[in-house]
There are 2 protein chains.
Amino acid sequence: MNFCPQCGQPVIERIPQGDNRPRYVCEQCHYIHYQNPRIVAGCLVTQERYILLCRRAIEPRRNFWTLPAGYMENGETTEQAALRETWEEARARVQAQHLYMLFNLPHINQVYMFFRGQLAGQEFAAGDESLEVRLFSEAEIPWDQLAFPTIGKTLKQYFIDYQSNDFPVRMSDINWQPRLRGVTP
Amino acid sequence: MNFCPQCGQPVIERIPQGDNRPRYVCEQCHYIHYQNPRIVAGCLVTQERYILLCRRAIEPRRNFWTLPAGYMENGETTEQAALRETWEEARARVQAQHLYMLFNLPHINQVYMFFRGQLAGQEFAAGDESLEVRLFSEAEIPWDQLAFPTIGKTLKQYFIDYQSNDFPVRMSDINWQPRLRGVTP
């Protein structure tokens, strides 16, 4: 950040009065620019023992498989964001969805929230950001071609919880991984 | 937003190519400004059947009682944010904390996350943003002097769940309430 979005003057980085960390501040109009983590919301869409995965049409991790998910937008709930992303990327509708997995990714300032729900109807198709959308059984999951660590962890947990048919909400942290440098996990 | 934070030129509001909602964009350097919901993280700190509440020293809702909570910062996990806010506002440490209540507040672009945990040691005190910090039994809770709807809902749910000693993670939506216009719930 170089310029004040409010008045257009150059900003400087300093700790504002009464605060305890550096922010970009405008000495001219006193605007303070706060930067906060973003939420990535998505769905684990199931049909009996099958899971819906999307092959990414966009970078990062083009061609790798993912659960439909993306940045939550202003004016929506986390659940609405997850359902919207599922429609945009997999052209799928979801029913009976419940919050399931949360991940903190502090190294990239993200919090992931996955909802678990059943595919409504039989229809799905590749949206603009997907090359292909498919249902996978556990044996068919392309474990070495998953886009991000959050995806593999969510799928593994699901197949464990599926045994007991008990799906408590779980939260865990994923920290910086050297092999993923430069890639948004 | 009036000016591009990157190059300082005026921005315009339009739907970027490949997007589906208006953003502030810079025609000069092609910067796109995304705005996303923020996470408010906090703690429901308990000591047996007592709950720790803070009387706010700052607006909005100065003098009203709240659970310690505030905006999650970059570089931290939701849990770290909740514990930090509890230290800053109530000078309290928390042990054995678990994710408990999540609220979507789409009208103000916030997602609240409260962790439930026990007061570690006996110490607590008013931090800079609090006038007073106190332990309350259910009978003592100042229900008509709570700062925000999220606080009352979390406390009510806690006292219900306390009966069964079962505290599942719960998520609910709080929508715009006319009586709170101009106040951050």
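What counts and how
Residues numbered from 1 in each chain as written. Chains lettered and ligands numbered in written order. Predicted model: local features only at pLDDT ≥ 70, side-chain atom pairs only at ≥ 80, totals over all residues. Heavy atoms only, no water. Pairing = 2+ DSSP bridges. Helix = DSSP H or I, 4+ residues; strand = E, 2+ residues; numbered from the N terminus. Contact = heavy atoms within 4.5 Å. Least-squares fit on C-alpha atoms with pLDDT ≥ 70 in both. Buried < 20%, exposed > 50% of the residue type's maximum accessible area, 1.4 Å probe, protein only. Polar contact = N/O pair within 3.5 Å; in protein donor to acceptor, adjacent residues only side chain to side chain.

Peer 1: Any chance you could explain the sheet that holds strand 3 (residues 32-33) of chain A here in plain terms?
Peer 2: Pairing between the strands of a sheet comes from backbone hydrogen bonds, and it takes one of two forms, parallel or antiparallel. All names here are of chain A. The strand order across the open sheet built from three strands is 1-2-3, with neighbouring strands paired in antiparallel fashion. Here the strands that pair on one side only, and so sit at the sheet edges, are strand 1 (12-14) and strand 3. Here strand 2 (residues 23-25) pairs with strand 3 via two bridges, running antiparallel. Looking across to strand 3, one finds that Tyr24 is bridged to His33.

Peer 1: Explain the side chain of Thr66 of chain A here, please?
Peer 2: Relative to the elements of secondary structure, Thr66 of chain A occurs in strand 6 (residues 65-66). When neighbours within four sequence positions are excluded, Thr66 of chain A is seen to be in contact with Leu53, Cys54, Arg56, Ala147, Phe148 and Ile151 of chain A.

Peer 1: Honestly, the relation of the copies chain B and chain A in this entry has me stumped. Any pointers?
Peer 2: The relation between the two chain copies is a rotation about an axis coupled with a shift along that axis. Least-squares fitting of chain B to chain A yields an RMSD of 0.0 Å, with the transformation described by 0.0 Å of translation along the axis and a rotation of 180°. In short, the pair behaves as if placed about a two-fold rotation axis. Looking at chain B, 100% of its interface residues are interface residues in chain A too, so the copies touch through the same face.

Peer 1: Can you walk me through the environment of Asn36 of chain B in this structure?
Peer 2: Tracing the backbone through its elements, the reader meets Asn36 of chain B in the loop between strand 3 (32-33) and strand 4 (38-47). Assessed through its relative accessible area of 16%, Asn36 of chain B is described here as buried. Residues Asn36 of chain B and Cys7 of chain B lie 29 residues apart in sequence; the distance between their C-alpha atoms is 22 Å. Only 3.1 Å separates the side chain of Asn36 of chain B from the side chain of Arg38 of chain A, close enough to count as a polar contact. Side-chain polar atoms of Asn36 of chain B contact the backbone oxygen of Met72 of chain A, separated by 2.8 Å.

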